[in-house]
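Structure assessment
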Amino acid sequence: MTEHVMTMHPREAMAALVAPEGRRDPYALYDALREHGNLVRIKPGLMAAVGYAECSRALREPRLLVQDAKSHDLLYPDWRSHSSLRRFTDSVLYSNPPDHSRMRRVMSRAFTPRRVAELEPAIVRMTDRLLDHLAELGSDGTPVEFMAEFAYRLPVAVIGEMLGVADDERVWFRAAVEDVTVALEGISGIARLDAADRAMDELASYFARLIGQRRRHPADDLVSALVASHETGGERFSHDELVGNLVLLLAAGFDTTTHLLGHGLQLAFENPAQAARLRTEPALAAGYVEETLRFAAPVHATSRFAEADVDVLGTPVPAGTKVLVLLAAGNRDPLRYPSPHLFDPDRPDTQPLSFGAGAHFCLGAPLARLEARIALPRLLRRFPRLAPAGAATYRDRLIVPGHERLPVTVG
Ligand code: HEM
């Protein structure tokens, strides 16, 4: 495999990457692309950034735009018939200035470092409650499914608390978000969006109802804050933008953090000496989480479109080109990280690309980091004999791969 990978044409490497085999171990294919440069031309109109500096520069380049309604119109005339695409396109993630800047200013008020830090006691409480739940399920030695029973439940409880959704709604969110996030995988699989559209319709009517309730009875939560800003002029949101951004917050808020927790535990199993340190050295938590983000990026890629000819660190990118920004590849760039394929939580100055960069830098990054820094050490301390129980399984996804199942025994 390795020898073949070394001689692969970029187009061949990219084809392997989007096939199920490649998706299971993309890192060898990222290195195969890297053989051809850090910003590789795959075919006319398509390039891929695999270097750390090139990914970072591409994300900060104002003339490289995110896919928005205008670029969808050019590429996929039928995209509006898919509610999943339509509603995500109303959100910050798929908007460019001036819409992006207007919506982002309002939303970022909810994610200031102070507001996130205030959530810490609640996150500790939720973590401990879920650890009790794991103990109840598995203290007699019965295997417990970590993803379903913990890794999913913590982030959904946290974002649920922020948004102000009732506990009993969280039960159906997982399946709905699982389905709707297929629409964030890039729209080349446009034919597979039926389930995503159904899930989007359900989530959109749920949030439309919640918006109505909060309009009548405001509460101290994010939905009320966004509704208030919608109504008080200045930075206005349309109703559709409110709905699109709330679905985005729910989906981005836990689909990704769930997998950060899954990767963090998997890496603890694979690196028992580091797991032992994480149990006893509270100061290691931040470095452990940063290295988990670098080594096993929850979001592997994003993309941009060149609205004009641009130069990215010396490589010309012609107008109209789609640039795949392979964050997970940039995180393993040997020019940026010595021994990039080594998991080393003591690495100085990690700064992974995992939350993106520039104008669309992840709004929830401080929250996701906080959740993982609290949850992983507490989990390992609570269950000193925590161990894998059989083989883990993985989702068949290109952008957010992650575990499907990670069975464990809690001892
Ligand atoms: C480990 C967890 C997470 C990872 C790896 C992650 C990753 C990312 C990445 C890579 C982007 C940028 C996409 C681009 O530039 O095209 C992004 C944007 C975003 N993320 Fe996250 N995210 C995580 C958690 C969260 C959480 C917890 C929230 C909210 C509660 C959140 C909300 C958002 C939003 C709203 C955007 C869009 C920002 C914009 O377009 O201006 N994310 N995230």
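Read on for an overview of the structure. Predicted, not measured: the structure shown is a model, and the values here were computed from it.

What follows concerns the coordination of the iron atom of the ligand. The protein gives the iron atom of the ligand a lone donor atom, Cys362 (SG), placed 2.3 Å from the metal. Considering the arrangement of structural elements, one finds cysteine 362 in the loop between helix 19 (327–330) and helix 20 (365–382).

With that settled, consider unusual backbone geometry. Look at the link from proline 97 to proline 98: it is a cis peptide, with omega at 5 degrees. Residue position: proline 98 is located in the loop between helix 7 (83–88) and helix 8 (99–108). Its identity as a non-glycine residue notwithstanding, leucine 313 has a phi of 50 degrees, on the positive side. Relative to the helices and strands, leucine 313 resides in the loop between strand 6 (310–312) and strand 7 (315–317). In this structure leucine 313 comes out as partly exposed when scored by relative accessible area, which is 46%.

The subject of this paragraph is the pairing of strand 5 (residues 301–306). Of all six residues in strand 5, five are buried, a share of seventy percent or more. The pairing of strand 3 (residues 64–65) with strand 5 spans two bridges and is classified as antiparallel. Bridge assignment links leucine 64 to a residue of strand 5, and that residue is alanine 306. Sheet topology places strand 5 next to strand 8 (residues 322–326); five bridges connect them, and they run antiparallel. Each bridged residue has a counterpart across the sheet, and for threonine 302 the counterpart in strand 8 is valine 325.

Our next topic: the pattern of salt bridges. In total, this model carries 21 salt bridges according to the counting rule given. Where arginine 114 meets glutamate 118, a salt bridge forms, and the shortest distance between an N and an O atom there is 2.6 Å. Here the residue arginine 114 and the residue glutamate 118 both occupy positions in helix 9 (residues 113–118), the gap between them amounting to four residues, near one helical turn. The exposure class of glutamate 118 is partly exposed, given its relative accessible area of 48%. We note a salt bridge from arginine 395 to glutamate 178, for which the minimum N-O separation is 3.2 Å.

Lining the immediate environment of the ligand, one finds 28 residues, of which His100, Arg104, Thr302, His360 and Cys362 sit closest. Between the ligand and histidine 100, the relevant distance is 2.7 Å, taken from an oxygen atom to a side-chain nitrogen or oxygen of the residue. Elements represented by at least two residues in the shell around the ligand include exactly helix 8, helix 16 (239–270), strand 5 and helix 20. In terms of residue class, the shell around the ligand is made up of 17 nonpolar, nine polar and two charged.

Considering all chains together, one arrives at eleven aromatic pairs under this definition. Judged by centre distance (5.6 Å) and plane angle (75 degrees), the ring pair of phenylalanine 173 and tyrosine 206 falls under edge-to-face. Highlighted residues: phenylalanine 173 in helix 13 (residues 170–180) and tyrosine 206 in helix 14 (residues 194–216), separated in sequence by 33 residues. Residues phenylalanine 173 and tyrosine 206 agree in their burial class; the two are buried. Among the aromatic residues, those joined into a cluster by ring pairs are Trp172, Phe173, Tyr206 and Phe207.

Rules used in this analysis
Residues numbered from 1 in each chain as written. Predicted model: local features only at pLDDT ≥ 70, side-chain atom pairs only at ≥ 80, totals over all residues. Heavy atoms only, no water. Donors = N, O, S within 2.8 Å, 3.2 Å for Na, K, Ca; no water. Helix = DSSP H or I, 4+ residues; strand = E, 2+ residues; numbered from the N terminus. Buried < 20%, exposed > 50% of the residue type's maximum accessible area, 1.4 Å probe, protein only. Pairing = 2+ DSSP bridges. Salt bridge = Lys/Arg side-chain N within 4 Å of Asp/Glu carboxyl O. Near = heavy atom within 4 Å. Polar contact = N/O pair within 3.5 Å; in protein donor to acceptor, adjacent residues only side chain to side chain. Nonpolar A, V, L, I, M, F, W, Y, C, P; charged D, E, K, R; others polar. Phe/Tyr/Trp six-rings, centres within 6.5 Å; stacked < 30°, edge-to-face > 60°.

Purely geometric stuff here, so don't read any function into it on its own.
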